[in-house]
Amino acid sequence: MRNIFIWTVIAAILFALPNLLSFSQQEVLVFLTINILVVASYRLLTLTGEWSLGHVVIMGVGAYASAMLTKSSGLYVPLGIVMGGVVAGLTALALSYPLFRMKGFYFLIGSFAAGEIIRLLWKRFREPFGGTKGIKGIDPMPDFSVGFYDFDFFEPTSYFYFSAIVVAICLWILWRIEKSPIGLTFQAVHWQDKLAQASGVNLRAYRTLAFVIASGFAGIAGALLAHYIGTINPNSFDVEVMVFVLTWAIVGGTSTFYGPILGCVVLTILNEVVLRELGLEQTRPLIYGLILILSILFMPNGLESIVQKFTRQKERRSLRPEEAK
Amino acid sequence: MTSLLEVKDLTMRFGGLTAVDTLNFKVEKGTIHGLIGPNGAGKTTTFNMISGFYTPSAGEVLLRGENIAGLPMHEVARRGVVRTFQHSTLFAELTVLENALVGTHMPFRPNLFAAIFGWDKDARNGAEARAREALTFFGLADVGHEHAGDLSHGHQRALGMAVAYASHPDIVLLDEPFTGMNPEETKHMMGLMKQLCSDGITILLVEHDMQAIMGLCDNITCMSFGKFLAEGGPAEIRNHPAVIEAYLGGARHVA
Ligand SMILES: Nc1ncnc2c1ncn2[C@@H]1O[C@H](COP(=O)(O)OP(=O)(O)OP(=O)(O)O)[C@@H](O)[C@H]1O
Ligand SMILES: [Mg+2]
């Protein structure tokens, strides 16, 4: 009952939120919503202990796939977005064969190389990927009405509502997976792969599963992005964006579900409110690098550790009366 | 009749070193079989080959007559051979209950779609019941919510066995389960092992605690420097000149 109430309040706030923002802030809100799905899906992969540098490129695979499918075959955009996720997941499945011969640091480097190869293919082949110029004039989301609300996708507000619903569904699925025996097995693979395997866990299969699921949701995020901005090119998914994703995840912390999301939200707000106001937009990579180093040095457990401190204190306080009995 | 487990001419070479050299022994179903030998004799290496952690350089591992040598560890486990590790190898960051739940992976195989939509309530309840049963059996029911890394050494060894037990094994390979336990804990654990055995679980045991080995085992294989040395019941092994020589010789080596 209490949960339903909390979620209703959150939904109401999210519904009202765009009306309090300027046009450009509304656009940022759409990007933030999409980026939340990018970091949250990234966390699923990190559950198995593997860190990829190819996540953003895989997101791009989803973007390209959905853009191309809707353009060439006139596929309905929402279906194109789903297909973006499917193609990204299948790409990850294919990549898993070479990549999961490696672990840890080697996987990290391997995933980076694989991502760069995909980007090279986009650049090299003007047919069908559009070369360095990428794909322009991607079909926008077609307008529709649900009775009480008319989705007009010329407005960022409408696209925000649409993407928020898609992202919420994806987050729910990611959350269900993490809290399930599958999620526990991912963690087992991370912390003691030998013991997990001795318990009958097929390590390779579970690493691949996490990689494919994470990539599938990254692909959906990429497709959401493509149909919003209308044009994508290989540089939309370069390593600079990957560094942002890593920074959100590390600054937020990856030991909880909400950690990376928190990092993404806080740094985006910081970026918009502070950097843009000060006219320091251009130095964003530099400042992100600095934040990354400082947070590793002074906040190794991420922003989530600060939240946990407060919630634990509250728990302890609420426990005390019982102890007194 | 075929034995439950048999190793045939099992050999493991690391570069120039032959850690296990044409080793042969059989483990009969429903028995507790000891594998002993001085430090560095090759006991853990033998376990690693049986459990699929290493691929033997030569020789066979026959499980109910089927050669399982070289299969990946999870495939060996799925055939009913589950091992523990010499050093407390646990999921230290997870709770005790979660550790045991990982142990139920084989009897209650997770399913992605069922997990997302919540259609796996029965499996989850079954897994939890099995995990709690394993913890209760090994006296860990009260510490289920603690992190495995925070347990005492003796409790950690017990949890390692509980994780293995939770998976319904046919045969467990226990590598020095009594290290870090005080005499009382050891005695208690010996009782539990006898109970496991009478429940039909076959045990292959590596242990340096001779009292425990002699008190538990139906059959003992002794090896030294990778080679088979002697085999027999506790009384035979205790008085076997080659065994005494190996242990004393080992001691002289150390001195
Ligand atoms: N991975 C490896 N690479 C190289 N040599 C190894 C490896 N594993 C074991 N050895 C060597 O093989 C020999 C047997 O080691 P093993 O660990 O099997 O002995 P053990 O009987 O289990 O000894 P302990 O009673 O001390 O546990 C030792 O000389 C050891 O140094
Ligand atoms: Mg050993």
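Residues numbered from 1 in each chain as written. Chains lettered and ligands numbered in written order. Predicted model: local features only at pLDDT ≥ 70, side-chain atom pairs only at ≥ 80, totals over all residues. Heavy atoms only, no water.

Chain B carries the name ABC transporter ATP-binding protein in an unreviewed UniProt entry, which gives Pontibaca salina as its organism.

A.B. asks: Quick question: what am I supposed to make of helix H7 (residues 183-198) of chain B here?
C.D. replies: A turn of α-helix holds 3.6 residues, and therefore any two residues three or four places apart point the same way. All names here are of chain B. The end-to-end C-alpha distance of H7 is 23 Å, a good match for the 22 Å that 16 residues give at a rise of 1.5 Å each. For H7, every residue scored as buried is listed here: Thr186, Met189, Met190, Leu192, Met193, Leu196 and Cys197. Along the long axis of H7, the arc covered by the buried residues comes to 165 degrees, so they all point the same way. Facing away from the buried surface of H7 by more than 90 degrees, the exposed residues are Glu184, Lys187 and Ser198. Along its buried surface, H7 packs onto strand E3 (32-36), helix H5 (121-137), helix H6 (153-166), strand E7 (171-175), strand E8 (202-206) and helix H8 (210-216). Backbone geometry just downstream of H7 places Gly200 in the positive-phi region, at approximately 100 degrees. (Helix = DSSP H or I, 4+ residues; strand = E, 2+ residues; numbered from the N terminus. Expected span 1.5 Å × (residues − 1). Buried < 20%, exposed > 50% of the residue type's maximum accessible area, 1.4 Å probe, protein only. Arc of directions from axis to C-beta. Contact = heavy atoms within 4.5 Å.)

A.B. asks: Mind showing me how you'd approach the site of ligand 1 here?
C.D. replies: Residue and element names in this part refer to chain B. Close to ligand 1 lie 14 residues; Lys43, Thr44, Thr45, Gln86 and His208 are nearest. In the environment of ligand 1, an oxygen atom lies 2.9 Å from a nitrogen or oxygen atom belonging to the backbone of Gly42. Within the contact set of ligand 1, an oxygen atom lies 2.8 Å away from a side-chain nitrogen or oxygen of Lys43. Bound to the protein, ligand 1 loses 64% of the 640 Å² it would expose on its own. Residue assignment for the shell around ligand 1 shows that the elements contributing at least two residues are strand E2 (17-27) and helix H1 (43-50). No other element matches the 3 residues that H1 contributes to the shell around ligand 1. In terms of residue class, the shell around ligand 1 is made up of 5 nonpolar, 7 polar and 2 charged. (Near = heavy atom within 4 Å. Polar contact = N/O pair within 3.5 Å; in protein donor to acceptor, adjacent residues only side chain to side chain. Areas by Shrake-Rupley, 256 points an atom, 1.4 Å probe, with all protein chains shown as cover. Nonpolar A, V, L, I, M, F, W, Y, C, P; charged D, E, K, R; others polar.)

A.B. asks: What exactly am I supposed to notice about the domain arrangement of chain A here?
C.D. replies: Residue and element names in this part refer to chain A. Per the domain assignment, the segments making up chain A are domain 1 (22-237) and domain 2 (239-325). The distance between the C-alpha centroids of domain 1 and domain 2 comes to 22 Å. At the interface, 23 residues of domain 1 touch 19 residues of domain 2. Taking both sides of the interface into account, the surface hidden between domain 1 and domain 2 amounts to around 1,800 Å²; carbon and sulfur atoms contribute 82%. (Domains from an automatic or database assignment. Buried area = accessible area lost by both parts, 1.4 Å probe.)

A.B. asks: Even after reading the chapter, I still don't get the sheet that holds strand E5 (residues 66-67) of chain B, so can you show me in this structure?
C.D. replies: Hydrogen bonds along the backbone pair up the strands of a sheet, which may run parallel or antiparallel. All names here are of chain B. Pairing within the open sheet is antiparallel, and its 4 strands lie in the order E2-E1-E4-E5. Pairing within the sheet leaves two strands with one partner each, and these edge strands are E2 and E5. Inspection of the sheet shows strand E1 (residues 5-14) paired to strand E4 (residues 58-63) by 5 bridges, in the antiparallel sense. Paired with Glu6 across the two strands is Leu62, which belongs to E4. Seen against the sheet, H1 touches E1, E2 and E4 and runs at an angle of roughly 115 degrees to E1. (Pairing = 2+ DSSP bridges. Axes fitted to C-alpha atoms, helices over the stretch in contact; angles between N-to-C directions.)

A.B. asks: Is there a simple way to think about the packing of helix H7 (residues 156-178) of chain A against helix H10 (residues 203-229) of chain A in this case?
C.D. replies: The description of two helices packed together rests on the angle between their axes and the distance between the axes. Residue and element names in this part refer to chain A. Between H7 and H10, the least distance of the axes is 11 Å, while the angle of their chain directions is 180 degrees. One finds that H7 runs roughly antiparallel with respect to H10. Between H7, through Pro156, Tyr159, Phe162, Ser163, Val166, Val167, Cys170, Ile173, Leu174 and Ile177, and H10, the contact on the second element is made entirely by Ile213, Phe217, Ile220, Ala223, Leu224, His227 and Tyr228. (Parallel < 35°, antiparallel > 145°, perpendicular 65-115°, else oblique.)

A.B. asks: Please explain the sheet that holds strand E9 (residues 219-224) of chain B as it appears in this structure.
C.D. replies: Residue and element names in this part refer to chain B. One open sheet holds the 6 strands; their spatial order is E6-E7-E8-E3-E9-E10, and the pairing between them is mixed. Both edges of this open sheet fall to strand E6 (81-83) and strand E10 (227-232), since each of them pairs with a single strand only. Between one strand axis and the next, the sheet turns through 20 degrees on average, direction left out of account. In the sheet, E6 pairs with E7 via 3 bridges, with the strands oriented parallel. In the strand pairing of E7, Arg83 is matched with Leu173. Taken strand by strand, H7 contacts E3, E7 and E8, and its axis lies near 145 degrees from that of E8.

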